[in-house]
Amino acid sequence: MDVLSDVLAVLRAGRPRSALMRYHAPWAREFTAAPGSAGFQVVLRGMCVLRPTAGRPAVDVGPGDVVLLPRGTGHVLADSPGTAVTTPPVAGHRPAAGDGPATLVLSGGYPLDPQRGHPLLAELPDVVHVAAAPARHQETATAVRLLAGELERPRLGTDAIVPSLLDALLLYALRAWYEDAPLRDGGPAGWAAALNDPPVTAALRAMHRTPADPWTVERLAREAGLSRAAFARRFAALTGRPPLSYLTWWRMTLAARLLATSALPLSSVAAQVGYTSEFAFAHAFKRWCGLAPGRYRRVHTQGGRPGQ
């Protein structure tokens, strides 16, 4: 898998949830913070303003725009910057009481496992605004258009199609954000730069494609087409971790998912993440998260806590 697809597959903790809302000006609705979830707002018709409750600048959102809130930041949607919230925070699909121009918004979130966070998403701003730009990001515009059609005119299969379209929308929006990184003020940095750097991307793809391989810095440098020293410096500068440190971290993240979601014996989990010795794997895993693999599995499959 490519890096972005792999990261989202590991982080996801359930199906996306959504609600279609139709508002008539004047209106304003508050969405409370939702830790452990990446929220989203998609304007299907009309215009609105998104005001983060943390005091960050407001964002004008137009038809076809997608706004992602990677950390579930609380915010207000309103027809204008000055409209005050007069109703409780949104808990479901309720129309506003105004009689002015209508705005149709798809609101929802993607459940994420905070214990398997990835720096690729951690570096995103609290509010990611992907403006409608069919000429640059045709796939994002197509996903929004298909969602609008399914939600405004439900038919056979809509309940199965919408979650898949929401999954596609998340990937398209993040792809658009990272592809636009070179165009933003100051140019890309961190993981935005790493995903726009062919040598580093080649090494990341290799590690994600076969994490159990006996990777060395030399082998990864060959994948990147660089000398060992040049590759090691470049990788660490862009991702914030040396290559083998990232590899170990990613292997442990994959192991945590396998322990929590499968009944595979520890020896199989160890082999899938590159350890021929169950003992060596258990030692590395406990050093990484503070729990032995068996204890981690019991806690995360039974809903318990380490102290129980």
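Residues numbered from 1 in each chain as written. Predicted model: local features only at pLDDT ≥ 70, side-chain atom pairs only at ≥ 80, totals over all residues. Heavy atoms only, no water.

A.B. asks: Please set out the confidence of the model for the protein residue by residue, giving values where relevant.
C.D. replies: With 93% of its residues at a pLDDT of 70 or more, the protein shows a mean pLDDT of 88. Ranking the elements of the protein by mean pLDDT puts helix α2 (residues 119–122) last with 85 and helix α7 (residues 217–224) first with 98. pLDDT under 50 marks residues 304–308. Its contacts with residues more than four places away, or in other chains, come to eight contacts. (pLDDT = per-residue confidence, 0-100. Helix = DSSP H or I, 4+ residues; strand = E, 2+ residues; numbered from the N terminus. Contact = heavy atoms within 4.5 Å.)

A.B. asks: Lay out the packing of α7 against helix α8 (residues 228–239) in plain terms, naming residues and giving numbers.
C.D. replies: Following both chains from N to C, one finds α7 and α8 inclined at 85 degrees, their axes separated by 9 Å at the closest point. Comparing their axes, α8 and α7 come out roughly perpendicular. Side by side, α7 and α8 meet where V217, E218, L220, A221 and A224 of the first sit next to R228, F231 and A232 of the second. For the contact of α7 with α8, a count of residues per class yields six nonpolar, no polar and two charged. (Axes fitted to C-alpha atoms, helices over the stretch in contact; angles between N-to-C directions. Parallel < 35°, antiparallel > 145°, perpendicular 65-115°, else oblique. Nonpolar A, V, L, I, M, F, W, Y, C, P; charged D, E, K, R; others polar.)

A.B. asks: Before we move on, can you summarise the environment of V3 with the specific residues and values?
C.D. replies: Among the structural elements, V3 can be located in helix α1 (residues 3–11). Separated by 224 residues in the primary sequence, V3 and S227 have C-alpha atoms spaced 23 Å apart. Excluding residues within four positions of it along the chain, V3 makes contact with L120, W191, L204, R205 and H208.

A.B. asks: I'd like a description of the sheet that holds strand β1 (residues 17–24), backed by residues and values.
C.D. replies: What the five strands build is an open sheet, ordered β1-β8-β3-β6-β9; its pairing is antiparallel. At either end of the open sheet lies a strand with only one pairing partner, and these are β1 and β9 (128–130). Pairs of neighbouring strands in the sheet enclose a mean axial angle of 20 degrees, with direction left out of account. Inspection of the sheet shows strand β6 (residues 66–69) paired to β9 by three bridges, in the antiparallel sense. Considered in β9, the bridge of V67 is made with H129. Packed onto the sheet, helix α3 (residues 138–152) meets β1, β3 (37–45), β6 and β8 (102–111) and runs at close to 75 degrees relative to β3. (Pairing = 2+ DSSP bridges.)

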